[in-house]
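Structural features, examined
Chain residues, written in single-letter form:
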2 protein chains.
Amino acid sequence: MSTRILELRRDILNQNDETARALRARFRAADVLALNLVSSPGTGKTAFLEKTLRELVERGVPVAALVGDLETDNDARRLAASGAPVRQINTHGRCHLEAAWVESHLDGWSLSDLDYLFVENVGNLVCPSSYDLGEAVRVVLLSVTEGEDKPLKYPGMFNSSDVAVITKWDLAGPCEFDEAAARANIEAVRPGLRVLATSAKTGFGMDEWLAFLAERRRLGPDFLSAAARSSEPM
Amino acid sequence: MSTRILELRRDILNQNDETARALRARFRAADVLALNLVSSPGTGKTAFLEKTLRELVERGVPVAALVGDLETDNDARRLAASGAPVRQINTHGRCHLEAAWVESHLDGWSLSDLDYLFVENVGNLVCPSSYDLGEAVRVVLLSVTEGEDKPLKYPGMFNSSDVAVITKWDLAGPCEFDEAAARANIEAVRPGLRVLATSAKTGFGMDEWLAFLAERRRLGPDFLSAAARSSEPM
């Protein structure tokens, strides 16, 4: 890449980091746990988030979600059926969410009334890894249908995440999913990363996921996420 | 996006288009059909390409492949087992292939001895759509595990492709894949796009795919691809 491109890219990322830090301070002041869900297209982020929202709403936990896509508001409509407030962010061709778009879509929401704010990123295992959204927890999802090698091929995304969620567990058999290999590959690129296996369809693993969420909320805002660490000014 | 970013992006794309046009002329002079395979991570591009190379090598058809990944040369090693010449392009964090990288990886290959040159792009349904690689045919792959809505959410990729290949057909049952919905969604964003259903595992649909390849080679270089059309200078 030319120097000009590298400089411009650094400017954009610095600007995004600044907005992300302001968002993080705002989430912290409001005592809301913000989570950024990242994965390939088709990993099942929306089904997983839909199940999560339903479970939380059922328990009376106040929760909201933003959902990013290049086009369509299919996902926002689908998620809103959970009863939680949901807003769509359309990127119109852009391959990731940026902190400023998250910020502009929070207007009118009272963050301090929420326990959790989920942000579903654009389906893309590359570009969203560079954009901190002010989240406390970055969640990388990996489906059993995608192949066990994805952590090795997309190390940036796994490296910048705070927990890995394996999705579509109900299909592990038909897909001949090699769990040990997948876990070893995650461990190779991000030693110690917590890994949860789930199925939004059967509900498998959702209790462990909900317990993880409650635990992370209890840990409070001083338990810094990987994204927060990397976007601190040098 | 700021004017500066838009201008820079246009410069990069113009430069890429220029290299792509030179590559296209070179492929045409060598009478080799170049194909650019694009999809999400985990759609099964490598398994599909591996099966394709094996079938062609078995029939004595001269073929070679370039394979793009952020990191690892797993795919090149896997594909080389077919007996075809294969080279890995590592993008080291970049989210797409560019024409210049294709060009620099052709050194020492005699293109005129080849019938087909396959280029497997980085797994990403967004960014690679903007980068013409000089291909005659852009192949977008969509697996039955990803959900039928992907064409609507990633219209840029489907719009710039010349054929859509549905992969992992053997999993259509367990995934409750709705073929009619997927085809309708493809038709909605790219009317008339040819759609083939395949399974690299069972071999289903591979004969139709190989017939498509032979047919496109017979049509010759004047049958312009969507990428060629879009990168012609205004």
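Residues numbered from 1 in each chain as written. Chains lettered and ligands numbered in written order. Predicted model: local features only at pLDDT ≥ 70, side-chain atom pairs only at ≥ 80, totals over all residues. Heavy atoms only, no water.

**Observations concerning the overall build of chain A**
Keep this limit in mind: In this description a helix means any DSSP run of H or I spanning at least four residues, a strand means any run of E spanning at least two, and both kinds are numbered starting from the N terminus. Radius of gyration here uses only the C-alpha atoms, and the compact-globule reference equals 2.2 Å multiplied by the residue count raised to the power 0.38. Residue burial is assigned from relative accessible area. The probe radius is 1.4 Å, only protein chains are included, and a residue is buried under 20% of its type maximum, exposed over 50%, and partly exposed in between. Contacts are residue-level and defined by heavy atoms, with any inter-residue pair within 4.5 Å sufficient. Using a 1.4 Å probe, the Shrake-Rupley method yields the accessible areas, and only the shown protein chains count as cover for residues. Charge convention: Lys and Arg are scored as positive, Asp and Glu as negative, and His as well as the terminal groups of each chain are ignored. Lys charges are placed at NZ, Arg charges at CZ, Asp charges at CG and Glu charges at CD.
The secondary structure content of chain A amounts to nine helices and seven strands. Here the C-alpha atoms of chain A give a radius of gyration of 17 Å, agreeing with the 17 Å that 2.2 N^0.38 yields for 234 residues. Viewed in the frame of its principal axes, chain A has a C-alpha envelope of about 45 × 45 × 35 Å. When the 234 residues of chain A are sorted by exposure, 59% land in the buried category. Put simply, of all contacts in chain A between residues at least 6 apart along the chain, 74% involve residues at least 24 apart. Accessible surface, chain A: about 9200 Å² in total, of which carbon and sulfur atoms supply 50%. Averaging the positions of the 27 positive and the 34 negative side-chain charges in chain A gives two centres separated by 1 Å.

**Observations regarding the packing of helix α2 (residues 45-58) of chain B against helix α8 (residues 206-219) of chain B**
All names here are of chain B. To be explicit about the condition: Here an angle of 0 to 180 degrees is reported between the N-to-C directions of two axes, which are lines fitted to C-alpha atoms, with helices fitted over the stretch in contact. To sort the angles, those under 35 degrees are grouped as roughly parallel, those over 145 as roughly antiparallel, those from 65 to 115 as roughly perpendicular, and the leftovers as oblique. Take the far helix as your reference; a near helix turned counterclockwise from it by less than a right angle gives a left-handed crossing, and one turned clockwise gives a right-handed crossing. Residue polarity is assigned by list, with Asp, Glu, Lys and Arg as charged and Ala, Val, Leu, Ile, Met, Phe, Trp, Tyr, Cys and Pro as nonpolar; anything else, Gly included, falls into the polar class.
At a minimum axis distance of 11 Å, the contact between α2 and α8 shows a crossing angle of 70°. Viewed along their axes, α2 and α8 adopt a mutual orientation that is roughly perpendicular. For the pair α2 and α8, the sense of crossing is right-handed. Counting all contacts with α2, which are made through Phe-48, Lys-51, Thr-52, Glu-55 and Leu-56, the residues of α8 involved are Met-206, Trp-209, Leu-210 and Leu-213. Considering only residue class, the contact of α2 with α8 consists of six nonpolar, one polar and two charged.

**With respect to the packing of aromatic side chains**
In plain terms, the rule: Aromatic rings from Phe, Tyr and Trp, taking only the six-membered ring of Trp, are treated as a pair when their centres fall within 6.5 Å; an angle between ring planes under 30 degrees marks them as stacked, one over 60 as edge-to-face, and anything in between as tilted.
Scanning the entire structure with this criterion turns up 10 aromatic pairs over all chains. The interplanar angle of 15° and the centroid separation of 5.9 Å between the aromatic rings of Trp209(A) and Phe212(A) together place this pair among those described as stacked. Of this pair, Trp209(A) and Phe212(A) both sit in helix α8 (residues 206-219), separated by three residues, roughly a single helical turn. Judged by its relative accessible area of 0%, Trp209(A) is buried. Here Phe48(B) and Trp209(B) contribute two aromatic rings whose centre-to-centre distance is 4.9 Å and whose plane-to-plane angle is 50°, an arrangement assigned as tilted.

**Concerning the pairing of strand β2 (residues 63-69) of chain B**
Residue and element names in this part refer to chain B. Note the cut-off: Should DSSP find at least two bridges between two strands, the strands are taken to pair. When the strands point away from the viewer, a crossover counts as right-handed if the path from the first strand over the helix to the second runs clockwise.
The element β2 is largely enclosed, with a buried count of seven among its seven residues. Summarising the sheet, β2 and strand β4 (residues 116-120) pair through five bridges and their orientation is parallel. Within the sheet, the bridge partner assigned to Val-67 lies in β4 and is Glu-120. Bridging between β2 and strand β3 (residues 86-90) involves five bridges; their strand directions are parallel. Residue pairing in the sheet places Ala-65 in a bridge with Val-86 of β3. The parallel pair β2 and β3, bridged by helix α3 (residues 74-80), forms a crossover whose chirality is right-handed.

**Concerning the interface of chain B and chain A**
Applied cut-off: One speaks of a salt bridge when a side-chain nitrogen belonging to Lys or Arg is within 4 Å of a carboxyl oxygen belonging to Asp or Glu. Within 3.5 Å is the distance limit for a polar contact, defined as a pair of N or O atoms, with the added protein rule that one can donate a hydrogen and the other accept it, and that residues adjacent in sequence qualify only through two side-chain atoms.
In this assembly, 39 residues from chain B lie in contact with 39 residues from chain A. Taken together, the links from chain B to chain A amount to six salt bridges. A salt bridge links Glu176(A) to Lys201(B); the nearest nitrogen and oxygen atoms lie 2.6 Å apart. Connecting chain B to chain A are nine residue pairs in polar contact (both at pLDDT 80 or more). Counting only elements with at least two residues in the side of chain B that touches chain A, the list comes to α1 (3-29), α3 and α5 (150-153) of chain B.

**A short note on the relation of the copies chain B and chain A**
Quick reminder of the rule: Least squares is the method used to superpose the copies, on C-alpha atoms of residues holding a pLDDT of at least 70 in both.
Overlay of chain B on chain A (RMSD 0.0 Å): rotation 180°, translation along the axis 0.0 Å. The transformation relating the two chain copies, once decomposed into turn and shift, fits a two-fold axis. Both copies contact each other with a shared surface, as 100% of the interface residues of chain B are interface residues in chain A too.

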